[in-house]
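Okay, here's what each chain looks like letter by letter:
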Amino acid sequence: MKLKSKSCIIKRYCEKRFVSKYLATIGIDYGVTKVQVRDREIKVNIFDMAGHPFFYEVRNEFYKDTQGVMLVYDVGQKDSFDALDTWLAEMKQDLGPHGNMESIVFVVCANKIDCTKHRCVDESEGRLWAESKGFLYFETSAQTGEGINEMFQTFYAAIVDLCENGGKRPIPNSSASFTKEQADTIRRIRNSKDSWDMLGVKPGASRDEVNKAYRRLAVLLHPDKCVAPGSEDAFKAVVNARTAVLKNIK
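Quick caveat, the model's predicted, so the values are computed rather than measured.

1. Regarding helix H10 (residues 231–247)
Here's step 1: The end-to-end C-alpha distance of H10, which contains 17 residues, comes to 25 Å, matching closely the 24 Å that a straight helix rising 1.5 Å per residue would cover.
Here's step 2: Listed as buried for H10 are Ser231, Ala234, Phe235, Val238, Ala241, Val245 and Leu246. Along the axis of H10, the buried positions cluster into a sector of 120°, meaning they face one direction only. In H10, the exposed positions angled more than 90 degrees off the buried face are occupied by Asp233, Asn240 and Lys247.
Here's step 3: Against the buried residues of H10 lie helix H7 (180–190), helix H8 (195–199) and helix H9 (207–221).

What follows is the structure, given as structure tokens:
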């Protein structure tokens, strides 16, 4: 079993301790451990990859034959969350036309949840990104240890399932419970600049146009019909946006 992760989380998992001052990984840090998965002893090879662009030529040698990837971001740094798409694109590029992303188990790790005051990426946003792609999602704290063991054990079990499933990634049940349109709509609403933009209508639209746009979104995101992470908040935002817009229409 071969996978990638990040330094402090690995330290917490393997050594049961937190290192507050940790030097950035230079190139690749490598470790081997043995774990029990369903009464079976599994040997795990862990490659902690340096994220700096300078080390790209080193990283790209380690994507091949990977069975599991842990995508880690800091819930207090939006840039680290936004970079997840870039990491996926890099891996897909380096695997080449014959590489198969479906033969790899991905887990998205939202780390530093203990820093609640500085959190800027909420759980629903991270979970939506992960589950819409069929990835596992966990909230963790390398400092307190919260969620670390559960994440790794679930991760390992999923990789064992992959091996027993002919090398094809098992799809989590949650990933099939909402559509791409619903996920994309929630993201768009979250990033809207104003109420008009949220409803998808131009300023100056008629009352009928606003109500038509609202009905479409309400049907798509109503909590009784949509279970995508963040759908309830998105639905409430749409209701408030409609009210605000209609107040400005005579």
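2. Things to note about the packing of H7 against H9
Here's step 1: Two elements in contact, H7 and H9, have axes whose closest approach is 10 Å; the angle formed by their N-to-C orientations is 120°. Between H7 and H9, the crossing angle belongs to the class labelled oblique. The hand of the H7/H9 crossing is left-handed. Two secondary-structure elements touch here, H7 through Glu181, Gln182, Thr185, Ile186, Arg188 and Ile189 and H9 through Arg216, Leu217, Leu220 and Leu221.
Here's step 2: Residues of the contact of H7 with H9, tallied by class, amount to five nonpolar, two polar and three charged.

3. Quick notes on the side chain of Glu125
Here's step 1: Here Glu125 is to be found in helix H5 (residues 123–131).
Here's step 2: In this view, Glu125 contacts Lys78, Phe81, Cys120 and Arg190; residues no more than four positions away in its chain are not counted.

4. Focus on the confidence of the model for the protein chain
Here's step 1: On average, residues of the protein chain score 82 in pLDDT, and 79% of them reach the 70 mark or higher.
Here's step 2: Predicted confidence in the protein chain is weakest over strand E1 (residues 2–5), with a mean pLDDT of 41, and strongest over H8, with 95.

5. Remarks on the pairing of strand E5 (residues 105–111)
Here's step 1: The buried count for E5 comes to seven of seven residues, which makes it a mostly enclosed element.
Here's step 2: Residue alternation in E5 divides its side chains into two sets, Val105, Val107, Cys109 and Asn111 and Phe106, Val108 and Ala110, and both sets are buried.
Here's step 3: Across seven bridges, the pairing between strand E4 (residues 68–74) and E5 is parallel. Bridge assignment links Tyr73 to a residue of E5, and that residue is Ala110.
Here's step 4: Pairing between E5 and strand E6 (residues 136–139): four bridges, direction parallel. Looking across to E6, one finds that Val107 is bridged to Leu136.
Here's step 5: At this point the chain moves from E5, through H5, to the parallel E6, and the crossover so formed is right-handed.

6. A word on the nonpolar core
Here's step 1: By size, the foremost hydrophobic cluster in this structure holds 26 residues, and its most contacted members are Trp196, Leu199, Val201, Val210, Leu221 and Val238.
Here's step 2: Where this core is concerned, the elements lending two or more residues are H7, H8, H9 and H10.
Here's step 3: With seven residues, the top contributor of residues to this core is H9.
Here's step 4: In contact with Leu199, not counting residues within four places along its chain, are Arg188, Val210, Ala213, Tyr214, Leu217, Val238, Ala241, Arg242 and Val245.
Here's step 5: Core analysis: the next-biggest nonpolar cluster, separate from the first, contains 22 residues, Met49, Val69, Leu88 and Val108 among them.

7. Topic: H5
Here's step 1: With seven of nine residues buried, H5 lies mostly within the body of the structure.
Here's step 2: Those residues of H5 that fall on the buried side of the exposure criterion are Ser124, Glu125, Gly126, Leu128, Trp129, Ala130 and Glu131.

8. Thoughts on the packing of aromatic side chains
Here's step 1: Enumeration according to the criterion identifies five aromatic pairs in this entry.
Here's step 2: Ring plane angle 70° and centroid distance 6.4 Å describe the contact between Phe81 and Trp129, whose orientation is recorded as edge-to-face. On the criterion of sequence distance, the pair formed by Phe81 in helix H3 (residues 78–82) and Trp129 in helix H5 is long-range, its members being 48 residues apart.
Here's step 3: Among the residues examined, Trp129 registers a relative accessible area of 5% and is labelled buried.
Here's step 4: Between Phe152 and Tyr156 the ring centres are 5.8 Å apart and the planes differ by 50°, which places this aromatic pair in the tilted class. Here Phe152 pairs with Tyr156, and both are found in helix H6 (residues 148–164), just four residues apart, close to one helical turn.
Here's step 5: On the accessibility criterion, Phe152 (1% relative accessible area) is buried.
Here's step 6: Three or more aromatic residues joined by ring pairs form one cluster here, namely Tyr73, Phe81, Phe106, Trp129 and Phe135.

What counts, and at which threshold
- Residues numbered from 1 in each chain as written.
- Predicted model: local features only at pLDDT ≥ 70, side-chain atom pairs only at ≥ 80, totals over all residues.
- Heavy atoms only, no water.
- Helix = DSSP H or I, 4+ residues; strand = E, 2+ residues; numbered from the N terminus.
- Expected span 1.5 Å × (residues − 1).
- Buried < 20%, exposed > 50% of the residue type's maximum accessible area, 1.4 Å probe, protein only.
- Arc of directions from axis to C-beta.
- Contact = heavy atoms within 4.5 Å.
- Axes fitted to C-alpha atoms, helices over the stretch in contact; angles between N-to-C directions.
- Parallel < 35°, antiparallel > 145°, perpendicular 65-115°, else oblique.
- Left-handed = near helix turned anticlockwise from the far one by under 90°.
- Nonpolar A, V, L, I, M, F, W, Y, C, P; charged D, E, K, R; others polar.
- pLDDT = per-residue confidence, 0-100.
- Pairing = 2+ DSSP bridges.
- Right-handed = clockwise from strand over helix to strand, strands pointing away.
- Core = buried A, V, L, I, M, F, W, Y, C linked by side-chain atoms within 4.5 Å.
- Phe/Tyr/Trp six-rings, centres within 6.5 Å; stacked < 30°, edge-to-face > 60°.

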